[in-house]
Amino acid sequence: MADTTTPPDTVADEPGSAADSYSGQSRRPTSRRGTRTRATAGSGRMAALLVSPTLLVLSIVVLYPTVMALKESLYGTKGLDPKTGFIRTSEPFVGLKNYTEVFGAAGDRFWNAFWNTTFFSVVTVGLETVIGVAMALIMHKAFRGRALVRAGILVPWAVPTAISALLWRWIFNSNGIANAVIGHQILWTTEGFHAKVAVIIAEVWKTAPFIGLLVLAGLQVIPKEVYEAARIDGASALRQFWHITLPLVKPALLVAVLFRCLDALRMFDLPYILIGAQKNSVETLSMLAQNEASNVRFGPASAYAVLLFLYVFLIALAFVRLLGADLVGGGAARGSEGRNRRLRIAAPRRAEVTA
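Quantities reported herein were computed from a predicted structural model and do not represent experimental measurements.

Next up on the list: the overall build of the protein. Counting its secondary structure elements, the protein contains 14 helices and zero strands. Along its sequence from the N terminus, the protein presents helices and strands in the succession α-α-α-α-α-α-α-α-α-α-α-α-α-α.

In structure tokens, the structure reads:
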């Protein structure tokens, strides 16, 4: 009888055979991967096209001035050239001299402004956080006239900073309302710790509603069922705030604190208008850089501006590095996943015990 066995080469080449179907199956995912790659590349190009205007604006507004300030900080001021005895027509190149002078005897004013900036940032942001959370809790309650209370709380934040500074300057005048209330004659706008107190009061009054507004947005997304379950379990109002409200509102609160820290480190207009320029008690790094630039000392002014930029950048980087997961709610999400996993593991064990 004739051998009807098909050679292996023939089987491999026949359409519809197992080998062909296998090769077709192996080719199909490749085409899908190619389609996904092309789709991803198209989405990436579209995203880059949409983001490019923002990147262009940031390059013009942020990157270019930063590079120019860094370049200008390497030059000194015009003046008498000790070698020739003539007035310089251009700014001399001094390298890092403007930065090294910060650590010498001439750096006393810089360090005073640095500590003033840090002190104002820590104290004002701390007070604004406490008062802002209290404002948010008040605005979140349902009561008659809540819209009027919300409007009244948010008005200080809507007032321009320059107008707010002029208003508080009138209040802290020697014959102003502040002295009439406390019954003592204090010169708030002169040198001394009382000038710091005046700046802190005005700054907290102005920007505490900003934190309250962001925290209020976080409070409004918390389900009411959580509080109802806590009340059924007998939790007091303080325990509800500490174990429910504060953890769930933490991402919004951290974002608000971060924004306020960055804004407080750049404080300029409020103490400048309220107290005045060249006051050692309230002079900040921004005020110092502006004063140097107004006296045509652009090299030291640029160096102070660059140091302030690095200070703000490091604070923001440390804040995001340490609390980055909580800023996007990752910490809460991981915590809920862990609790759900423990509940799923414990459920079969309870079933076994019941059986």
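Right, let's get into the confidence of the model for the protein. Summary statistics for the protein give a mean pLDDT of 80 and a share of 77% for residues scoring 70 or more. Confidence, expressed as mean pLDDT per element, reaches its minimum in the protein at helix H14 (residues 330-354) with 43 and its maximum at helix H4 (residues 108-140) with 94. Ignoring residues within four places in sequence, the model shows residues 1-27, a span with pLDDT below 50, making seven contacts including any to other chains. Residue range residues 328-355 is modelled with pLDDT below 50. Its contacts to residues more than four positions away, or to other chains, number six contacts.

Take the side chain of Thr129 next. Looking at the secondary structure, you find Thr129 in helix H4. Within polar-contact distance, the side chain of Thr129 engages the backbone oxygen of Val125 at 2.7 Å. Among all residues touching Thr129, those that are not within four sequence positions of it are Ile211, Leu253 and Val257.

This next bit is on unusual backbone geometry. With a phi angle near 55 degrees, Gln278 is a residue other than glycine that sits in the positive phi range. Mapping Gln278 onto the fold places it in the loop between helix H11 (269-274) and helix H12 (285-294). Unusually for a residue other than glycine, Val296 sits at a positive phi of about 60 degrees. Residue classification places Val296 among the exposed positions, given a relative accessible area of 54%.

It is worth spelling out a nonpolar patch on the surface at this point. Judged by side-chain polarity, Met46, Leu49, Leu50, Val51, Leu55, Leu56, Val57, Leu58, Ile60, Val61 and Val62 come together as a nonpolar surface patch covering roughly 1,100 Å² of accessible area. Assignment of secondary structure puts Val62 in helix H2 (residues 18-72).

On to the pattern of salt bridges. Applying the stated criterion across every chain yields a total of seven salt bridges. Salt-bridge contacts for Asp263 lead to Arg260; the nearest nitrogen and oxygen are separated by 2.9 Å. In this pair, Asp263 and Arg260 both sit in helix H10 (residues 237-265), three residues apart, roughly one turn of the helix. Asp263 sits in the partly exposed class, given a relative accessible area of 34%. For Arg260, a relative accessible area of 2% translates into the label buried.

The biggest cluster of nonpolar side chains holds 43 residues, and the ones touching the most others in it are Phe172, Val199, Val215, Leu274 and Ile275. Looking at this core, the elements that each hand over two or more residues are H4, helix H6 (161-171), helix H8 (193-219), helix H9 (224-232), H10 and H11. Per element, the largest residue contribution to this core is 12 residues, and it comes from H8. Formed by 12 residues, the second largest nonpolar core is a distinct cluster that contains Phe110, Phe114, Leu308 and Tyr311.

Running from amino to carboxyl end, helix H5 (residues 146-158) crosses H8 at an angle of 125 degrees, the nearest separation of the two axes being 6 Å. The angle between H5 and H8 places the two elements in the oblique class. Where H5 crosses over H8, the two elements pack in a sense that is left-handed. Along the contact surface, H5 presents Arg150, Ile153, Leu154, Pro156 and Trp157, while H8 presents Trp205, Lys206, Pro209, Phe210, Leu213 and Leu216. When the residues that make up the contact of H5 with H8 are grouped by side-chain class, the tally is nine nonpolar, no polar and two charged.

In this section: the packing of aromatic side chains. Summed over the entire model, instances satisfying the criterion amount to 16 aromatic pairs. Consider the rings of Phe172 and Trp188, whose centres lie 4.9 Å apart with planes at 50 degrees: the pair is tilted. Here the residue Phe172 occupies a position in the loop between H6 and helix H7 (177-182), and Trp188 occupies one in the loop between H7 and H8, the gap between them amounting to 16 residues. You can call Phe172 buried: its relative accessible area is 4%. Using a relative accessible area of 9% as the deciding quantity, one classes Trp188 as buried. Site record: aromatic cluster; members linked through ring pairs are Phe103, Phe110, Trp111, Phe114, Trp115, Tyr304 and Tyr311.

With their axes 11 Å apart at the nearest point, H9 and H10 run at an angle of 145 degrees to one another. The handedness of the crossing between H9 and H10 comes out as right-handed. For the pair H9 and H10, contact is made by Val226, Tyr227, Ala230 and Arg231 and by Gln240, Ile244 and Thr245, respectively. Of the residues in the contact of H9 with H10, the class split is four nonpolar, two polar and one charged.

What counts and how
Counting starts from 1 at the beginning of each chain's written sequence and moves along it residue by residue. Predicted model: local features are reported for residues with pLDDT of at least 70 only, side-chain atom pairs are reported and counted for 80 or more only, and whole-chain, interface and lining totals are derived from all residues. The side-chain numbers reported here are obtained from all heavy atoms of the structure, hydrogens and water having been left aside. Note on conventions: DSSP H or I runs of at least 4 residues are helices, E runs of at least 2 residues are strands, and numbering of each starts at the N terminus. As a per-residue measure, pLDDT tells how confident the predictor is, with possible values from 0 to 100. Residues count as neighbours in contact if any of their non-hydrogen atoms are within 4.5 Å of one another. By the criterion applied in these results, polar contacts are pairs of N or O atoms within 3.5 Å in which, for protein atoms, one can donate a hydrogen and the other can accept it, and in which residues neighboring in sequence qualify only through two side-chain atoms. Using a 1.4 Å probe on the protein chains alone, a residue whose accessible area is under 20% of its type maximum counts as buried, one over 50% counts as exposed, and one in between counts as partly exposed. Like charges within 9 Å and nonpolar side chains (Val, Leu, Ile, Met, Phe, Trp, Tyr) within 5 Å are joined into patches, using only residues over 30% in relative accessible area that form no salt bridge. Surface accessibility in these figures is a Shrake-Rupley result with a 1.4 Å probe; residues are shielded only by whichever protein chains are displayed. Any Lys or Arg side-chain nitrogen found within 4 Å of a carboxyl oxygen on Asp or Glu counts as a salt bridge. Throughout, nonpolar core names a set of buried Ala, Val, Leu, Ile, Met, Phe, Trp, Tyr and Cys residues whose side chains join them through atoms within 4.5 Å. All axes here are fitted lines through C-alpha atoms, helices being fitted over the stretch that makes contact, and every angle between N-to-C directions spans 0 to 180 degrees. For classification, angles of less than 35 degrees are called roughly parallel, those exceeding 145 degrees roughly antiparallel, those between 65 and 115 degrees roughly perpendicular, and all remaining angles oblique. By convention, the crossing between two helices is left-handed when the near helix turns anticlockwise from the far helix through less than a right angle, and right-handed when the turn is clockwise. For this classification, the nonpolar set comprises Ala, Val, Leu, Ile, Met, Phe, Trp, Tyr, Cys and Pro, the charged set comprises Asp, Glu, Lys and Arg, and every other residue, Gly included, is treated as polar. Stacked, edge-to-face and tilted labels apply to pairs of Phe, Tyr and Trp rings (six-membered ring for Trp) whose centres lie within 6.5 Å, assigned for plane angles under 30 degrees, over 60, and everything in between, in that order.

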